[in-house]
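Geometric and topological summary
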Amino acid sequence: QVQLVESGGGLVQAGGSLRLSCAASGSIFSINVMGWYRQAPGKQRELVASINSGSGTVYAASVKGRFTISRDNAKNTVYLQMNSLKPEDTAVYYCNIRWIVSTSTGNYWGQGTQVTVSS
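Residues numbered from 1 in each chain as written. Predicted model: local features only at pLDDT ≥ 70, side-chain atom pairs only at ≥ 80, totals over all residues. Heavy atoms only, no water.

**Quick word on the packing of aromatic side chains**
Under the counting rule described, the total for this entry stands at two aromatic pairs. With 5.0 Å between their ring centres and 65° between their planes, Tyr37 and Trp109 make a pair best called edge-to-face. With Tyr37 in strand β4 (residues 33-39) and Trp109 in strand β10 (residues 104-109), the pair connects residues that are 72 residues apart, well separated along the chain. Residue class for Tyr37 comes out buried when judged on its relative accessible area of 18%. Directly above the aromatic system of Tyr94 lies the positively charged group of Arg45, at a separation of 3.8 Å from the ring centroid. The ring centre of Trp109 lies 4.6 Å from the NZ or CZ of Arg45, which sits over that ring. (Phe/Tyr/Trp six-rings, centres within 6.5 Å; stacked < 30°, edge-to-face > 60°. Helix = DSSP H or I, 4+ residues; strand = E, 2+ residues; numbered from the N terminus. Buried < 20%, exposed > 50% of the residue type's maximum accessible area, 1.4 Å probe, protein only. Lys NZ or Arg CZ within 6 Å of the ring centre and 35° of its normal.)

Printed below as a string of structure tokens:
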């Protein structure tokens, strides 16, 4: 089993910053992709950013230049630094870890953390 524990959400004014953290524990394959997704009310869950175990990153166009994803492989932890926040960034943010190899597959989600940006 794999557990993902998120922290760092909250309420912030537009233009402010927040940092999300997600620590993974359990039977995790070392070569994996960790990412952050978000879901706003009435909308589908969407990718915000992801980072693989080699530190390659992918960002949604809407957050590029404002958000930075990073990871600590030794701690199986992924971070999302969110700067210049906008009201449209308001959503529940979910951490994800996934891998596909010949002997193992995994796709796990955190419980979600609320981010609210006031105008």
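**Observations regarding the environment of Asn83**
Here Asn83 shows up in the loop between β8 (77-82) and β9 (91-101). Residues Asn83 and Leu11, 72 residues apart in the sequence, show an inter-C-alpha distance of 13 Å. Other than its neighbours up to four places away in sequence, Asn83 contacts Gly16, Ser17, Arg66 and Phe67. (Contact = heavy atoms within 4.5 Å.)

**Topic: the pattern of salt bridges**
Scanning all chains against the criterion turns up three salt bridges. In this structure, Glu46 and Arg38 form a salt bridge, with 2.8 Å as the shortest nitrogen-oxygen distance. Take Arg38: its relative accessible area is 7%, and that puts it in the buried class. One salt bridge connects Asp89 with Arg66, and the closest N-O pair in it is separated by 2.8 Å. Here Asp89, found in the loop between β8 and β9, pairs with Arg66, found in the loop between β6 (57-59) and β7 (67-72); they are 23 residues apart in sequence, far enough to count as distant. Judged on exposure class, the residue Asp89 and its partner Arg66 are both buried. One continuous salt-bridge network, built from bridges that share partners, spans Arg38, Glu46, Arg66 and Asp89. (Salt bridge = Lys/Arg side-chain N within 4 Å of Asp/Glu carboxyl O.)

**A few points about the nonpolar core**
With 28 residues, the main nonpolar core has Trp36, Leu80, Met82 and Tyr93 as its most contacted residues. When residues of this core are assigned to their parent elements, the largest contribution, five residues, is made by β9. (Core = buried A, V, L, I, M, F, W, Y, C linked by side-chain atoms within 4.5 Å.)

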